[in-house]
Amino acid sequence: LAASDLARGRHDRARGWLAQAALGTPEDAIELAYWRGRRLEAAGDEIGAVRAYAAAAREDPASPFARAALARAAAPALAATAAVEARRLAGARAPTDLHAAWLLAPGTRIGQAARAALLRRLADDPGTAPFLLLTQVPVERWPLWRETLETPEEVLLGLGLWREGAPAVGARFPPSDPSLALTGSLLLARAGEAPRSILLAEAIRLRTPDRLPLALQPSVFHALLYPLPHRDALLAEARRRRVDPHLLAALVREESRFDARAFSGAAARGLAQLVTPTARRVAAQTELQRVGPGDLYRPEVSLALGAAYLAELLREVGGAEHLAVAAYNAGPPQARLWRGYCASDDPAEYLTKVGFRETRAYLRRVLTTREHYERLYAGAR
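Quick caveat, the model's predicted, so the values are computed rather than measured.

**Student:** Would you mind showing me how to read the packing of aromatic side chains here?
**Tutor:** One pair of aromatic rings is described through two measures. These are the centre distance and the angle between the planes. Under the defined criterion, the tally for this structure stands at eleven aromatic pairs. Where Tyr309 meets Tyr328, the ring centres are 5.3 Å apart and the plane angle is 50°; that geometry is what we call tilted. Remark: Tyr328 occurs in helix α19 (residues 321–330) and Tyr309 occurs in helix α18 (residues 299–316); sequence separation between them is 19 residues. Residue Tyr309 is classed as buried on the basis of its relative accessible area of 9%. If you follow Arg261 out to its NZ or CZ, it ends over the ring of Tyr297, 4.1 Å from the centre.

Structure representation (structure tokens):
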């Protein structure tokens, strides 16, 4: 209700509705802060709006609502107020304030000073330092050599057979030791075990204190969280179908974690998690022509069909990525229905109007992940 009013330029009723909005997840908090900022901005409270936008952004700067919040804070109407607020926050001591100052004034002297102060604070914090200073542990320091190897998989690890010993990596390279877990994740990735590598990297991130932004952790860790397996095939299919490779990579990561053997309860298969009827319909319109269920486990087939289906959805919605991603998850009719609830073309309004919690979470994840791929692989086209 609040989003509907604010999208139409009305703000007088939104405050009461936003006060009643339920918070179920951290992502809900980001969304609510964004709409509070929109209400305050519409009411002429510039400083209140900037502070609400900063609160949305510091939770997860890559999330779609955070990016929308920062864009509004940087727009001409609020840019001067945002600079004043960034200067105030940069003089604070709390990591959350320093982070907000950096986000509100990126690339400026104030923003860079806030980032440097935040780094120093986190490096001196025993709770965050191990996660900030993630490094690969040398082979000779692995606890693996000082322990009894009890299972066949552990013995295979000891022999350097990482693919065969992959099931034992989580126990022998635990996230309770962040750098050791980073090492395990890196070695799994090199062995072609992307799903297990991502899982271990995500376990590290889950243990990371909230006050440490992902952007300050090492780039090697970012690449483990958001890898690009099957890179050549994925980029080739993205070019062939004229879709953004970063969006395609984000979709595949969130669908299957790059597990070519993935199989869902809805009988979706492979990297792109297509069900057989959809795959056959899309294949009939491509050079693949005919495919069976088993073909969907072949990475090159799944990527080709996934890219073709994404291109089809993008054409249907006029290139609006958020609508295409929603349609990929919930189906085109449902995605169009939610579009009919919107008073504007603002993606933020659409995200708020999506009625299925599963699709809302999926849409947030894919769009957030797309931002990470854009930053990590800017030259990959």
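**Student:** Could you clarify how one ought to interpret the layout of surface pockets in this entry?
**Tutor:** Rolling a probe over the atoms, with the probe sized like a water molecule, indicates the empty space that remains. Quantified by volume, the largest pocket comes out at close to 1,600 Å³. Lining the largest pocket are 47 residues; nearest its centre among them are Glu59, Asp60, Arg205, Leu214 and His372. Counting only elements with at least two residues in the lining of the largest pocket, the list comes to α3 (26–42), α4 (46–59), α5 (64–74), α7 (95–104), α13 (194–207), α14 (219–225), α16 (245–256) and α22 (357–376). Among the elements that line the lining of the largest pocket, the one with the most residues is α22, at nine residues. Residues of the lining of the largest pocket, tallied by class, amount to 20 nonpolar, twelve polar and 15 charged. Taken as a whole, the second largest pocket holds about 440 Å³ of empty space. If you go around the second largest pocket, you meet 18 residues; those closest to its centre are Ala21, Ala22, Glu31, Thr352 and Arg360. Looking at the lining of the second largest pocket, the elements that each hand over two or more residues are α1 (2–7), α2 (14–20), α3, α21 (347–353) and α22. The residue inventory of the lining of the second largest pocket, partitioned by class, reads eleven nonpolar, one polar and six charged.

**Student:** Would you explain the environment of Arg58 in this entry?
**Tutor:** Residue placement: Arg58 occurs in helix α4. The spatial distance from the C-alpha of Arg58 to the C-alpha of Leu70 is 9.8 Å, given a sequence separation of twelve residues. With near-sequence residues (within four places) excluded, Arg58 lies in contact with Thr96, Asp97, His99, Ala100 and Leu103.

**Student:** How should I be thinking about the packing of α16 against α22 in this particular structure?
**Tutor:** Packed helices, taken two at a time, are described by the angle between their axes plus the distance between the axes. Across the interface, α16 lies against α22 with an axial gap of 8 Å and an inter-helix angle of 130°. Classified by the interaxial angle, the pair formed by α16 and α22 is oblique. In this structure, the crossing between α16 and α22 has a hand that is right-handed. Here α16 contributes His246, Leu247, Ala249, Ala250, Leu251, Arg253, Glu254 and Glu255 to the contact with α22, which in turn contributes Tyr362, Arg365, Val366, Thr369, Arg370, Tyr373 and Glu374.

**Student:** In this structure, what is going on with α16? I would like to understand it.
**Tutor:** Note that an α-helix has 3.6 residues per turn; residues three or four places apart therefore point the same way. Its twelve residues give α16 an end-to-end C-alpha distance of 16 Å, which sits within 8% of 16 Å, the value for a rise of 1.5 Å per residue. Extensive coverage of α16 is indicated by the burial of eleven of its twelve residues. Within α16 the residues assigned to the buried category are Pro245, His246, Leu247, Leu248, Ala249, Ala250, Leu251, Val252, Arg253, Glu254 and Ser256. Next to the buried residues of α16 lie α13, α14, α15 (231–241), α18, α19 and α22. Between a side-chain oxygen at the N-terminus of α16 and the backbone nitrogen of His246 the separation is 2.9 Å; the capping residue is Asp244. Phi turns positive one or two residues past the end of α16, at Arg257, with a value near 55°.

**Student:** Would you explain the nonpolar core in this entry?
**Tutor:** Core analysis: the largest hydrophobic core is formed by 122 residues, its most contacted members being Leu305 and Tyr350. Residue contacts for Leu305: discarding those within four places in its chain leaves Leu274, Ala279, Val282, Ala283, Leu288, Val291 and Leu296.

Criteria and cut-off values
Residues numbered from 1 in each chain as written. Predicted model: local features only at pLDDT ≥ 70, side-chain atom pairs only at ≥ 80, totals over all residues. Heavy atoms only, no water. Phe/Tyr/Trp six-rings, centres within 6.5 Å; stacked < 30°, edge-to-face > 60°. Helix = DSSP H or I, 4+ residues; strand = E, 2+ residues; numbered from the N terminus. Buried < 20%, exposed > 50% of the residue type's maximum accessible area, 1.4 Å probe, protein only. Lys NZ or Arg CZ within 6 Å of the ring centre and 35° of its normal. 1 Å grid on protein atoms, 1.4 Å probe; cavity = no way out; pocket = protein on both sides within 12 Å on 5 of 7 lines; lining within 4 Å. Points joined across faces, edges and corners; volume = space filled by probe spheres on them. Nonpolar A, V, L, I, M, F, W, Y, C, P; charged D, E, K, R; others polar. Contact = heavy atoms within 4.5 Å. Axes fitted to C-alpha atoms, helices over the stretch in contact; angles between N-to-C directions. Parallel < 35°, antiparallel > 145°, perpendicular 65-115°, else oblique. Left-handed = near helix turned anticlockwise from the far one by under 90°. Expected span 1.5 Å × (residues − 1). Polar contact = N/O pair within 3.5 Å; in protein donor to acceptor, adjacent residues only side chain to side chain. Core = buried A, V, L, I, M, F, W, Y, C linked by side-chain atoms within 4.5 Å.

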